[in-house]
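So the chains spell out like this:
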Amino acid sequence: MKRILLIFCCCVSGVVCANDLRLWYNTPARVWMDEALPIGNGYMGAMFFGGTSTDCIQIAEEGIWAGGPGANKNYWGGNRKDAWKYLDRVRGLLAGGKMEEARQLSSQLTGEIVPGGVPQYGDFGAQQPFGSLWVTVEKKDTLYTDYKRSLDIDNAIGEVTYKMGGTTFRNEYFASYPARLIVCRYANDAAGGENYTIALTSPHQQTNCRAEGKDQLLLAGKLSSNQEAFEGIVRIKTDGKSRGEENGTLKICGAKYVEVYVSVASAYRNHFPDYTGNDFHRVNRQAMERASRSGYEQLKEAHRADYTALFRRVAFELEGDKASDLPTDRRLLLYSRGAYDPLLETLYFQYGRYLLISSSRPGTLPAHLQGKWNESMNPAWACDYHLNINLQMIYWPAEVTNLSECHEPLLEYIDKLREPGRITAREYFNARGWSVHTMNNVYGYTAPGWDFNWGYAPNSAAWLCRHLWEHFCFTGDRQFLQEKAYPILREVGEFWLDYLCRDKDGTLVSSPSYSPEHGDIAVGATIDQEIAWDLFSNLMAAADYIPTDQAFTDTIRRAREQLSPLKIGRYGQLQEWKEDVDDPADEHRHVSHLYALYPGNQITVQTTPRLAEAARRTLVYRGEGGTGWSLAWKINFWARLRDGNQAYKMLRNLLTPSVGEGRRSSGSGSYHNLLCAHPPFQLDGNMGAVAGIAELLLQSHAATIDLLPALPVCWHTGYIKGLKARGGYTVDMDWKDGFLQCATITASQAGQCKVTYQGITRDLTFRAGESQKIEMK
Ligand code: FUC
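Residue numbers here run from 1 along each chain, matching the order of that chain's written sequence. Restriction of local features to residues with pLDDT of at least 70 applies here, the model being predicted, together with a cutoff of 80 or more for giving and counting side-chain atom pairs; totals for whole chains, interfaces and linings are based on all residues. Working from all heavy atoms in the structure, the side-chain values ignore hydrogens and water.

Participant: Residues and numbers for the site of the ligand, please.
Facilitator: Within the structure, the ligand sits among L369, W381, H386, N388, N390, E517, R589, H590, W629, H678 and Q682. N390 places a side-chain nitrogen or oxygen 3.0 Å from an oxygen atom of the ligand. Within the side chain of Q682, an N or O atom sits 3.1 Å from an oxygen atom of the ligand. When the free accessible area of the ligand is taken as 290 Å², the share hidden by the protein chains comes to 99%. It suffices for a single heavy atom of a residue to lie within 4 Å of a molecule or strand for the residue to be listed as near it. Side-chain atoms alone can form a polar contact between residues adjacent in sequence; in general such a contact is a pair of N or O atoms within 3.5 Å, and within protein one must be able to donate a hydrogen while the other accepts it. Surface exposure here means Shrake-Rupley accessible area, sampled with a 1.4 Å probe, where a residue is shielded only by the protein chains that are shown.

Below is the structure:
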């Protein structure tokens, strides 16, 4: 405790603060992906560059999506009618060992992609940027000094300060969820103020921007691919004299400050099958009314209160040197060269939580591959929902790091996938339930992708079901389980009962199956078997709360018993396929067959030590490299294997510059703005690392609350407060020289749990809301 007090004292004294949760740089950003800094309110994602003469805030809104029914009147979620007629034939060929013919025919089990719409993705479409806000200050002398650009993630506020031509400038940026606005404030200390121009541009062709009166810009547009309508409004408040210009800009003279409020909305609505109908005029008008009613400070306060109520639930500090007073990009470089900078690690952890709060709030769509940030009309993988690891990884830390509400958009989205997914289950598998595959867009594209080799992933819906189940486990919310989660899990259970088929050895297998983006078409690829096991196990556990569904539970239990089991191969590895064909020299980025180790819990060091050892061998063979998310997944795997130091090595690999000086040759790692580089930027790596860090400190997947199960040696002294354990518990811990000093566990509801630390176990009983302080000696 003393140490914690010391750290707080240090903050108050004004020394460089150990609590300084801030990314900062001493130059304006030039490159969107590498340098600009993200703010977001769940609906909109914006990147601010902090330019000195001209500042740019690039904006995306979640519902602006090319493709879908508007792009093609025959659009049908990618599905092909009666594709299931090929299923048994493919199965027969696989059973008969006719691999080449099976490969050929499997192309009949892929989705349609109709050319047209945006390039590359046809009517699958792609997430689209909205455009950019430009704020120009008229200044002859454009040389600047004392420049600082920062993002305070403790308050979710960006700031830029500099001096230019004798004037000190200060800009502020935040994205408010309650106000549904992006807000910027440009201030200066020039005696007579400064002159500014405000403009709004969009990369889309069918757009028109006009000034409305002296304080508003309106940009109305349509996407050329599907005619989806969208609109952005900018309103300003200033002490200067403003006027609207013919060319659709606002001119402001003699202003000491200009406040800029931005609202963007689109016609998109997550409503099958038309996916349109959102009254975006109303959304924008309401946001502008809110902006007019409240003053800047009031909006900022409401934003801070909203954000900090989530963010500050978790505090994490590690003892180390004082926070470096170097810019973040410099620290990243030094860190990658071996510097010990635990404050960069805790910053990175909290940054992930910041990114999730900024991109996923109740009522919004889930975060996509780049959260809600996108500047490209043709982004990598369409900025879609990738379901063979990526979307799930983005949400791994949601529950454990106490951001359960930020999980909600995904949970709601899963529910909305059922309707289109039933078509896919019927047409491809002649099965009950619903199905979705590797690539999913916001227009209910649930068919397998248009190439079998990456697109076919029948386990995706069941993998998503783990999220519903985990939400229940962490919150203990029975109503959620009974009314929301169970019916969805049950339906996917029905799908699997219909989909699984009998292999030659009599076991139940997924066929055809495919280990994500690796290997050949197969029978019973391990990941499918593990996910089926996971779904069935969770359904069986849920049955305790749903006593009326006994017959179904019995069917599920019998099916689980017959699943083709996990196998240990000739190298001692966990087999990726039913056949023992793994190559120990293969360092492929996907390690999908370790699903059972993380995020699943079929393999644990406590209950299945032999399989855990096989998983460890598999990881050793797979090596220490990988793309961003692959490295992040490995942190979690090693944490579950209780090898904190190996996990820590993966974290260090991830925190290596992906561009510029010191870059990894693969380009994976972290951009200078600490966004994870696959490359390109993918949010999954950031979030997977956050989950992994939590997993090093607290685990609760094996029926106990396990304190500091995999503490890396160099994190010898520190504390973390506010992590969540399954059962509805909140855990605070404080450790010194590698040993737990004290843990406080608070129960959200009455219950009993087991707490473990280094082989010592305690049984605890809690009343609702009770906290117990324990020392495990
Ligand atoms: C998965 C990965 C790729 C990429 C893509 C978005 O399919 O195999 O590496 O991350 O998702």
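Participant: Account for the pairing of strand β33 (residues 771-774), naming residues and giving values.
Facilitator: Accessible area is worked out with a 1.4 Å probe on protein chains only. A residue is then buried under 20% of its type maximum, exposed over 50%, and partly exposed in between. Think of it this way: any DSSP run of H or I at least four residues long counts as a helix, any run of E at least two long counts as a strand, and we number them from the N terminus. Residues Q772 and I774 line the buried face of β33, whereas the alternating positions S771 and K773 sit on a face that is not buried. At least two bridges found by DSSP between two strands are what make those strands a pair. Relative to β33, strand β30 (residues 739-747) is paired through four bridges, and the arrangement is antiparallel. Within β33, the residue paired with T746 across the bridge is S771.

Participant: Residue-level account of the sheet that holds strand β17 (residues 315-318), with values.
Facilitator: Ordered by their spatial adjacency, five strands build an open sheet running β17-β28-β29-β30-β33, and the pairing between neighbours is antiparallel. In this open sheet, the two strands that pair with only one neighbour each are β17 and β33. The average undirected angle you get between the axes of adjacent strands in this sheet is 20°. Strands in contact with helix α7 (residues 342-359) are β17 and β28 (718-725); relative to β17, the strand with the most contacts, it is inclined by about 160°. We call two residues in contact whenever any of their non-hydrogen atoms come within 4.5 Å of each other. Axis lines are fitted to C-alpha atoms, over the contacting stretch for helices. Their N-to-C directions set the angle, which ranges from 0 to 180 degrees. The strands that helix α19 (residues 683-697) touches are β17, β28 and β29 (729-736); relative to β28, the one it contacts most, it runs at about 105°.

Participant: Tell me about the nonpolar core, and name the residues and values.
Facilitator: The definition of a nonpolar core used throughout is a set of buried Ala, Val, Leu, Ile, Met, Phe, Trp, Tyr and Cys residues joined through side-chain atoms within 4.5 Å. In this structure, L133, I198, L707 and M733 are the most contacted members of the largest nonpolar core, which totals 226 residues. Each residue touching L707, except ones within four places of it in the same chain, is listed here: L697, L698, V731, M733, L740, A743, V755, T756, Y757 and M776. If you look at the next biggest cluster of nonpolar residues, it comprises 13 residues, including I157, V183, I233 and A287.

Participant: Hey, could you go over the packing of helix α10 (residues 404-429) against helix α12 (residues 460-475) for me, with residue numbers and the actual values?
Facilitator: How two helices pack is summed up by the angle between their axes together with the distance between the axes. Remark: α10 packs on α12, axes separated minimally by 10 Å, with the N-to-C direction vectors making an angle of 140°. Taken together, the axis directions place α10 and α12 in an arrangement best described as oblique. Crossing hand, α10 versus α12: left-handed. Note on element contacts: α12 touches α10 through L464, H467, L468, H471 and T475, opposite S404, H407, L410, L411, I414 and L417. Across the contact of α10 with α12, the residue classes break down as six nonpolar, five polar and no charged. Each angle receives one of four descriptions, namely roughly parallel if under 35 degrees, roughly antiparallel if over 145, roughly perpendicular if within 65 to 115, and oblique otherwise. Two helices that cross are described as forming a left-handed crossing if the nearer one is turned anticlockwise from the farther one by less than a right angle, and a right-handed crossing if clockwise. Classes in brief: Ala, Val, Leu, Ile, Met, Phe, Trp, Tyr, Cys and Pro nonpolar; Asp, Glu, Lys and Arg charged; the others, Gly included, polar.

Participant: Just give me the short version of α12, but keep the residues and values in it.
Facilitator: To estimate how far a helix should reach, multiply one less than its number of residues by 1.5 Å. For α12, built from 16 residues, the straight-helix expectation of 22 Å at 1.5 Å per residue is met to within 8% by its first-to-last C-alpha distance of 24 Å. Burial within α12 is extensive, with 15 of its 16 residues counted as buried. One or two positions beyond α12, positive phi appears at G476, with a value near 70°.

Participant: Any details on the pattern of salt bridges? Residues and values, ideally.
Facilitator: Each salt bridge in this description consists of a side-chain nitrogen of Lys or Arg and a carboxyl oxygen of Asp or Glu lying within 4 Å of one another. Under the criterion given, the structure shown has 50 salt bridges. Note that R726 is salt-bridged to E470, the shortest N-O span being 2.9 Å. One end of the pair, R726, is in the loop between β28 and β29; the other, E470, is in helix α12, with 256 residues separating them in the sequence. The exposure class of E470 is buried, given its relative accessible area of 11%. Each of E412, D415, R418, R422, K484 and E491 takes part in one network of salt bridges that share partners.

Participant: Kindly report on unusual backbone geometry, identifying the contributing residues and their values.
Facilitator: In this chain, S511 is followed by P512 through a cis amide linkage whose omega measures -5°. The topology assignment puts P512 in the loop between β21 (508-509) and β22 (513-515). Of note in the backbone geometry, D146 takes a positive phi value of approximately 50° without being a glycine. On the secondary structure map, D146 appears in strand β6 (residues 144-152).

Participant: Lay out the sheet that holds strand β27 (residues 705-707) with the relevant residues and their values.
Facilitator: An order of β26-β27-β31-β32 is seen for the four strands of this open sheet, with the pairing classed as mixed. Strands with a single pairing partner mark the edges of an open sheet, and in this sheet they are β26 (698-699) and β32 (760-766). Sheet topology note: the β26/β27 ladder contains two bridges and is antiparallel. Looking across to β27, one finds that L698 is bridged to L707.

Participant: Before we move on, can you summarise the environment of V523 with the specific residues and values?
Facilitator: Topologically, V523 is positioned in the loop between β23 (518-522) and α14 (526-542). Classification of V523 by relative accessible area gives partly exposed; the value is 21%. With 54 residues separating them along the chain, V523 and W577 place their C-alpha atoms 7.9 Å apart. If sequence neighbours within four positions are ignored, V523 has contacts with L94, D503, V509, S510, S511, S513 and K578.

Participant: Quick one: what's the story with the pairing of β28, residue by residue and with numbers?
Facilitator: Along β28, seven of the eight residues are buried, which leaves the element largely enclosed by surrounding structure. Bridge analysis of β17 against β28 gives four bridges, and the strand direction is antiparallel. Note that in β28 the partner of L318 across the bridge is G718. Summarising the sheet, β28 and β29 pair through six bridges and their orientation is antiparallel. Within β29, the position partnered with K724 by the bridge is T730. As consecutive antiparallel partners, β28 and β29 are separated by three residues, and within that stretch G727 has a phi angle of approximately 105°, a positive value.

Participant: Kindly report on the confidence of the model for the protein, identifying the contributing residues and their values.
Facilitator: When pLDDT is averaged across the protein, the result is 95; 96% of the residues are at 70 or more. For every residue, the pLDDT score states the predictor's confidence, bounded by 0 at the bottom and 100 at the top. Of all the helices and strands in the protein, helix α1 (residues 2-12) carries the lowest mean pLDDT, 31, while strand β2 (residues 37-40) carries the highest, 99. A low-confidence stretch, residues 1-19 (pLDDT under 50), is modelled with 26 contacts involving residues beyond four sequence positions or located in other chains.

Participant: Before we move on, can you summarise the packing of helix α17 (residues 628-640) against helix α18 (residues 644-654) with the specific residues and values?
Facilitator: Put simply, α17 and α18 touch, their axes get as near as 8 Å, and they point 165° apart. In terms of orientation, α17 and α18 fall into the roughly antiparallel class. Here α17 runs over α18; the crossing is left-handed. Judged by residue contacts, G628, L631, A632, K634, I635, W638 and A639 of α17 engage Q646, A647, M650, L651, N653 and L654 from α18. Grouping the amino acids of the contact of α17 with α18 by side-chain chemistry returns nine nonpolar, three polar and one charged.

Participant: Explain the side chain of S658 residue by residue, including any values.
Facilitator: In this fold, S658 is placed in the loop between α18 and β24 (669-670). Setting aside its immediate chain neighbours within four residues, S658 contacts R663, G667, S668, G669, S670, Y671 and A677.

Participant: Describe the packing of aromatic side chains, naming the residues involved and giving the relevant values.
Facilitator: By convention, a stacked pair of Phe, Tyr or Trp rings (six-membered ring in the case of Trp) has centres within 6.5 Å and planes under 30 degrees apart, an edge-to-face pair has planes over 60 apart, and any other such pair is tilted. Enumeration according to the criterion identifies 44 aromatic pairs in this entry. Seen in terms of ring centroids, F48 and Y173 are 4.1 Å apart; in terms of plane orientation they differ by 10°. Their pairing is stacked. Within this pair, whereas F48 is found in strand β3 (residues 44-48), its partner Y173 is found in strand β8 (residues 167-176), the two being separated by 125 residues in sequence. Comparing F48 with Y173, the two get one shared label, buried.

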